[in-house]
Every structure is written in structure tokens, then in C-alpha cells.
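# Chain and residue survey
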Amino acid sequence: MSAKNMEKVEQATNRKNISLPMSRVRLIMKSSPDVSCINQDALFLTTKATELFVQHLALSSYKNGSGKETNTLSYSDLANAAEESETFQFLTDILPKKILAREYLKSLEEMEKDADNL
Amino acid sequence: MDGDSSTTDASQLGITGEYMAGSHFVLAQAQEDEGDEGLNDHEDGDGSKDNLREQDIYLPIANVARIMKNAIPQTGKIAKDAKECVQECVSEFISFITSEASERCHQEKRKTINGEDILFAMSTLGFDMYVEPLKLYLQKFREAMKGEKGISTVTVTEGMGEELTDETFTNPLPAGIITADGQQQNVMVYTTSYQQIPGVQQLQFS
């Protein structure tokens, strides 16, 4: 690819102003049941909205968590944001609060014991 | 929880007694390795999709992480599991919006999801603060697309895996597949800098 071509392409993509791959977004959209066709505008809007969403989620969670000394955005900041904010409520299923592995394995054993006793 | 691929052996999962999600047994890391190899290269559409479950399809973590980084104050850091987590949240968000939009389409007996459906879905689902800025971005996008009809096809090298560091983004990258047939089905655009559009108000996420 010539340098001139590359420059043209870059200018074009900068003008489009998105930084997420639309083809991947499309793949995710298509994996929803009963989705047949997605027009170009819809794809762009979803991609751009996703960017806004990432910013929104990151910033909200970060702000919530920055009461502590650490200035690191952690998983639990995200989990808390999902629980506390109405907008992010839909994420509560995939953002469970974490437990220690050994606690989980313990409860698993107990569940199996209960199943055996039935 | 999946009965097929889960294991209760902590050592196999690679956890050293640290935290893990209560309901997801298989950590995002493991899924990432399997799912993304097929996703990075070919966008076949037919064969590659069969092996992937809906929850395995994510956006590249490098891109997601970069957007996050630009959103928080410069001194802030992001834990690795937070990045992976947002990756999953993003897929969830896309599915969330899409199914709402799709439902409306069905109700109105239409087959194609258009821009209005997406915007309406966002309003309905509590993201109406995105709607106005999105309309402006869409305008700019349309203008950019108009100017591109003359550009010939360029190939994209999908050497961009999940390990992109910030340094990679300071160099110009070959951008994407821009087809000249007007179809634009596999447009993948990567920008090297995240630009703000003058005139579009910064969203306040308080």
C-alpha cells in the first residue's frame, strides 16, 4: 500500500471518529435472536453508543470508588456501580460480587452433599 | 453455569486462591483465548460463528481499555480484571440495545433495524443522554462516508491481537476495509487518536 493511499485512508477513518471495530459490533448484534438486517446507520450508532457507554461506565465507577486511597479502577468499583445506578442495573447479572475461591468450593461441596442426601 | 466446560479444580483454572466471580466459573481469560482467535482474523460469517456462543463475542480489549483510560483522570489506573469485565459489559450493552430495537422492528413488521430504532431503544432503556450527541456524530459520519466513495479498496492486516499496548497506537495503522461497492459491510475503523468533535458537548456523567 502506497504512502499516499495510507494517508487517504487515515484521514477518512479519522473523520469517521470511532475507535471500535464496527464489524465486531455487528457480530455481537447478529448474535441476538431474531435479528435479521441491520442498516448502516444503526450499526454506526450502536458502535458510537458503545464508546460512550464505556466512558460512562468507567468514569462513574471510578468516581464512586475514588473515596479510597487507591486511584485504581477495580472490578468491585464496577460491581458497585451496577448495583447502585439505575442505568447500569442491567449489568448486575454479569457483575456479581466476587467471593473467595475456597468459599465457593466449600459451598459447592455443601450443595453436592445436599443433593446426595435427597 | 455451563456444565460442559467448567471444572472445579482450582489449579486447572489457574486461580491461586484469589477472587473469582460467584456465578461464572470459567473466567473471562479462558474464554478470551478460545473465542478471539477465530475473531481476529476472518470475518467469514458462516463457519466461524458456529463455535462461538453469544457470550463469547467481545470487542478487542485493547480498544476498550484505551477508551476507559481516556475517560478517567490521567493519574488513574485500571485493574486488569476491570478491563476484562468492561469488555463483557460492552457485549451485554450491545445485546441489550439490539434486542430492544429488534423487538420494536418486529412489532412494526419491519425486517431491518435502522438508526431510529437504535435511538429509540436507548431512550427507552435509560440512555437518553446519549441520543443527542449520537445524532451529531451520525451526521459527521454520513459526511465522512460520502467523501469516501472514491477511495479504492485497501486491505487490512489483522495483526492487531489483544495485546496492543498504548505505544502501538502512536504509530499510524492501516485502517480498515473500505469497499467501493457501497456495501460497507465489513468496515473496521481504528483511529490513532480519539478526537472530540468541535461543537459536540462533552457528556457529563455525574
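Residues numbered from 1 in each chain as written. Chains lettered and ligands numbered in written order. Predicted model: local features only at pLDDT ≥ 70, side-chain atom pairs only at ≥ 80, totals over all residues. Heavy atoms only, no water.

The name recorded for chain B in an unreviewed UniProt entry is Nuclear transcription factor Y subunit beta, from Sinocyclocheilus anshuiensis. If you open the UniProt record of chain B and go to Function (unreviewed entry), you find "Component of the sequence-specific heterotrimeric transcription factor (NF-Y) which specifically recognizes a 5'-CCAAT-3' box motif found in the promoters of its target genes. NF-Y can function as both an activator and a repressor, depending on its interacting cofactors." (UniProt positions renumbered as here; feature names shortened; annotations may be inferred.)

You'll find chain A entered in an unreviewed UniProt entry as Chromatin accessibility complex protein 1, with Sinocyclocheilus anshuiensis given as the organism. In its Subcellular location (unreviewed entry) section, the UniProt record describing chain A reads: "Nucleus". Its UniProt record gives chain A the following Function (unreviewed entry) comment, quoted word for word: "Forms a complex with DNA polymerase epsilon subunit POLE3 and binds naked DNA, which is then incorporated into chromatin, aided by the nucleosome remodeling activity of ISWI/SNF2H and ACF1. Does not enhance nucleosome sliding activity of the ACF-5 ISWI chromatin remodeling complex."

Here the focus is the overall build of chain A. Regarding its fold elements, chain A presents five helices and three strands. Ordering the α and β elements of chain A from the N terminus gives α-α-β-α-β-α-β-α. Here chain A holds 118 residues, and 53% of them are scored as buried. Across chain A, every contact between residues at least 6 apart in sequence was considered, and the portion connecting residues at least 24 apart equals 32%. Entry remark: accessible area of chain A is about 5600 Å², with carbon and sulfur atoms responsible for 47%. (Helix = DSSP H or I, 4+ residues; strand = E, 2+ residues; numbered from the N terminus. Buried < 20%, exposed > 50% of the residue type's maximum accessible area, 1.4 Å probe, protein only. Contact = heavy atoms within 4.5 Å. Areas by Shrake-Rupley, 256 points an atom, 1.4 Å probe, with all protein chains shown as cover.)

Turning our eyes to something else, we now look at unusual backbone geometry. Here Asp-34 of chain A, not a glycine, exhibits a phi torsion of approximately 65°, which is positive. Positive phi, normally seen in glycine, also occurs at Lys-109 of chain B, with a value near 60°. Residue placement: Lys-109 of chain B occurs in the loop between helix 4 (80-107) and strand 3 (112-113). What makes Lys-109 of chain B exposed here is its relative accessible area of 75%.

Now for the nonpolar core. Within the largest apolar cluster, 63 residues are counted, with the highest numbers of intra-cluster contacts made by Phe-53 and Leu-91 of chain A. Counting only elements with at least two residues in this core, the list comes to helix 2 (22-30), helix 3 (40-65) and helix 4 (75-84) of chain A together with helix 3 (61-71), helix 4, helix 5 (115-124) and helix 6 (128-146) of chain B. Per element, the largest residue contribution to this core is eleven residues, and it comes from helix 3 of chain A. Not counting residues within four places of it along the chain, the set of residues in contact with Phe-53 of chain A comprises Phe-88, Phe-90 and Leu-91 of chain A together with Cys-89, Val-90, Phe-93, Phe-127 and Tyr-130 of chain B. (Core = buried A, V, L, I, M, F, W, Y, C linked by side-chain atoms within 4.5 Å.)

Residues and elements named next belong to chain B. Following the criterion strictly, the structure yields eight salt bridges over all chains and no others. A salt bridge links Arg-110 to Glu-108, with the nearest nitrogen and oxygen atoms 2.8 Å apart. Given a relative accessible area of 26%, Arg-110 falls into the partly exposed group. For Glu-132, the salt bridge is made with Lys-135, and the minimal N-O distance between the two is 3.4 Å. (Salt bridge = Lys/Arg side-chain N within 4 Å of Asp/Glu carboxyl O.)

Residues and elements named next belong to chain A. A cluster of acidic side chains, namely Glu-109, Glu-110, Glu-112, Asp-114 and Asp-116, defines a negative patch on the protein surface. Along the chain, Glu-110 falls in helix 5 (residues 101-117). Since its relative accessible area comes to 41%, Glu-110 is described here as partly exposed. (Patch = residues over 30% accessible without salt bridge, like charges linked within 9 Å, V, L, I, M, F, W, Y side chains within 5 Å. Lys, Arg positive; Asp, Glu negative; His and termini not counted. Charge placed at Lys NZ, Arg CZ, Asp CG, Glu CD.)

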